[in-house]
Amino acid sequence: VKVRKSFISVISFCVKKDGMYREIEIIESSVGFFAHVDGDTDAGDEADIDAVVDTESATHSKLQIRRALIAPLTHVSKDIMNESPDRRFKDLPVCRVIFDEMLTALGYILSFGLFVMTMIPSYEVFVF
């Protein structure tokens, strides 16, 4: 399993099925929560015939995921290769991303502060 320039939170792999191993490459992709990448191949599938890497041994094949967004809880068993980056990846300036992250952090701090402030009056009532 090779992962390069990709975001993965929680993922499961199955690299062996019926004595066959499958090399899995995930490059420049984002894989959703609890996605499953399967090493199972159908013998009659034309896409998997092209994926055979080792011509001397038919026990090694390759699954590639390139420049793709994989949704959470998705089962992937075939190659996903995009020629261009996904349109859902926005080309935002770094300053805009930093500003958005600062607003998000401020919102978290304010909500935590409100939560703590609502706990103080109830604590004082029970103590005294």
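Our structure's up above, just so we're on the same page.
Please read these numbers as outputs of a predicted model, since none were measured by experiment. (Residues numbered from 1 in each chain as written. Predicted model: local features only at pLDDT ≥ 70, side-chain atom pairs only at ≥ 80, totals over all residues. Heavy atoms only, no water.)

A look at the environment of Lys 62
Of note, Lys 62 is situated in strand E8 (residues 60–66). Distance from Lys 62 to Ile 24, taken between C-alpha atoms, is 5.8 Å for residues 38 residues apart in sequence. At 3.3 Å, the side chain of Lys 62 forms a polar contact with the side chain of Glu 25. (Helix = DSSP H or I, 4+ residues; strand = E, 2+ residues; numbered from the N terminus. Polar contact = N/O pair within 3.5 Å; in protein donor to acceptor, adjacent residues only side chain to side chain.)

Observations concerning the side chain of Asp 38
Tracing the sequence through the fold places Asp 38 in strand E7 (residues 35–38). Relative accessible area serves as the criterion here: at 11%, Asp 38 is assigned to the buried category. Residue contacts for Asp 38: discarding those within four places in its chain leaves Cys 14, Arg 22, Leu 63, His 75, Val 76 and Ser 77. (Buried < 20%, exposed > 50% of the residue type's maximum accessible area, 1.4 Å probe, protein only. Contact = heavy atoms within 4.5 Å.)

Describing unusual backbone geometry
The backbone of Lys 5 shows a phi angle near 50°, a positive value even though the residue is not glycine. The residue Lys 5 is located in the loop between strand E1 (2–4) and strand E2 (7–8) in this model. Within the chain, Phe 34 stands out as a residue other than glycine whose phi angle is a positive 60°.

Notes on the nonpolar core
Among the nonpolar cores identified, the biggest contains 10 residues, and these are Ile 24, Ile 26, Val 31, Ala 35, Val 37, Leu 63, Ile 65, Ala 68, Ile 70 and Val 76. Those elements that place two or more of their residues in this core are strand E5 (20–27), E7 and E8. In this structure, Leu 63 is in contact with Arg 22, Glu 23, Ile 24, Glu 25, Val 37, Asp 38, Ser 77, Lys 78 and Asp 79, ignoring residues within four places of it in sequence. (Core = buried A, V, L, I, M, F, W, Y, C linked by side-chain atoms within 4.5 Å.)

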